[in-house]
Amino acid sequence: MENNAMLEVRGLKKRFGDLEVLKGVDLTVHQGDVVAILGPSGSGKTTFLRCLNFLETADEGTLVFDGETFHLGKVPRRDVARLRKKTAFVFQNYNLFLNKTALQNVMLGLQVARKVPKGRAEARAKAALDKVGLADRYNYYPHQLSGGQQQRVAIARALATEPEIIYFDEPTSALDPELIGEVLAVMRQLAREGMTMLVVTHELHFAREVSSQVIFMEGGQVLESGAAEAFFRDPKEARTRAFLRTISGREAGEIDPKKE
């Protein structure tokens, strides 16, 4: 395992029928890393994240987590459950129960999946909601909350499980532009506090400002990766430069047109 990494993935492959979605993806994540995963639609970013949390089953590959090695195509169910207790997943469309309040949504997974007693679950849920700025919204239902507030409830639900790592699948893609900032502000705070995060995103300013590592995926492969500062300052691949320019123009990557 590389330099006492928290998580290491090697050769992750995934097919859906005849379509090879992931063609051997490698990644190393250390404690406190914020890894931004960039790439065009259909590049395999979300599938990669879902395979790491066993929401999809990979066909091949090795996962090393906290020093334990797992062969991704055949991880026993008991190990899947154990690994999921160390991680949390934030979906792009919130995935809240519409008939439950913000507090109940955060408590539910603690009580049902982790068997946390009600009193302790409520205390942890309230602390998590406080942390994401929703101390005054405990008893609000999802339809009474903005999209940004709903996503912050989803982040609180993830935090309440006290995970070692959080996977974010395009957490701002379903939000109106004016609501994106409040979600990113919570994620910035988590990064400052040392939370390990893998973030599939198109928010290049966030990726550049907050992430320690960036990977660019296309066609089911990692085309380029590196430390965030170097990645945005001097992307090596022409395809990476073209993608950055398409998303946010030259200022996103300080791209020198002469390099083209």
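Higher on the page you've got the structure.
Residues numbered from 1 in each chain as written. Predicted model: local features only at pLDDT ≥ 70, side-chain atom pairs only at ≥ 80, totals over all residues. Heavy atoms only, no water.

**Student:** Quick one: what's the story with the nonpolar core, residue by residue and with numbers?
**Tutor:** Among the nonpolar cores identified, the biggest contains 42 residues, and Leu129, Ile155 and Phe168 are the most heavily contacted of them. Sort the elements by how many residues they give to this core and helix 6 (residues 177-192) lands first, with 8 residues. Among the nonpolar cores identified, the runner-up in size contains 31 residues, and Met6, Val29, Ala58 and Tyr167 belong to it. (Core = buried A, V, L, I, M, F, W, Y, C linked by side-chain atoms within 4.5 Å. Buried < 20%, exposed > 50% of the residue type's maximum accessible area, 1.4 Å probe, protein only. Helix = DSSP H or I, 4+ residues; strand = E, 2+ residues; numbered from the N terminus.)

**Student:** Outline the pattern of salt bridges, listing residues and values.
**Tutor:** One pass over the structure, following the stated rule, counts 14 salt bridges. A salt bridge links Arg10 to Glu8; its shortest N-O distance comes to 3.0 Å. The partner of Asp66 in a salt bridge is Lys86, and the shortest N-O contact between them spans 3.3 Å. Linking Asp66 in the loop between strand 4 (60-65) and strand 5 (68-71) with Lys86 in the loop between helix 2 (77-84) and strand 6 (87-90), this pair joins segments that are 20 residues apart in sequence. Each of Glu68, Asp79 and Arg82 takes part in one network of salt bridges that share partners. (Salt bridge = Lys/Arg side-chain N within 4 Å of Asp/Glu carboxyl O.)

**Student:** For helix 5 (residues 147-160), give the residues involved together with the corresponding values.
**Tutor:** An ideal rise of 1.5 Å per residue puts 20 Å on 14 residues; helix 5 measures up with 20 Å between its terminal C-alpha atoms. Within helix 5, 14 of the 14 residues are buried, which leaves it mostly tucked inside the rest of the structure. Just beyond helix 5, the residue with positive phi is Glu162, at close to 55°. (Expected span 1.5 Å × (residues − 1).)

**Student:** Go over the sheet that holds strand 8 (residues 196-200), please, and point to the residues and values.
**Tutor:** Taken in spatial order, the 6 strands of this open sheet run 6-7-8-3-9-10, and their pairing is mixed. Edge positions in the open sheet fall to strand 6 and strand 10 (221-227), since each of these has one partner strand only. For this sheet, the mean inter-axis angle between neighbouring strands, taken without regard to orientation, is 15°. Here strand 6 runs beside strand 7 (residues 165-169); their pairing, made up of 4 bridges, is parallel. Considered in strand 7, the bridge of Thr87 is made with Ile165. Contacts from helix 5 reach strand 6 and strand 7 within the one sheet, and its direction differs from that of strand 6 by about 170°. (Pairing = 2+ DSSP bridges. Axes fitted to C-alpha atoms, helices over the stretch in contact; angles between N-to-C directions. Contact = heavy atoms within 4.5 Å.)

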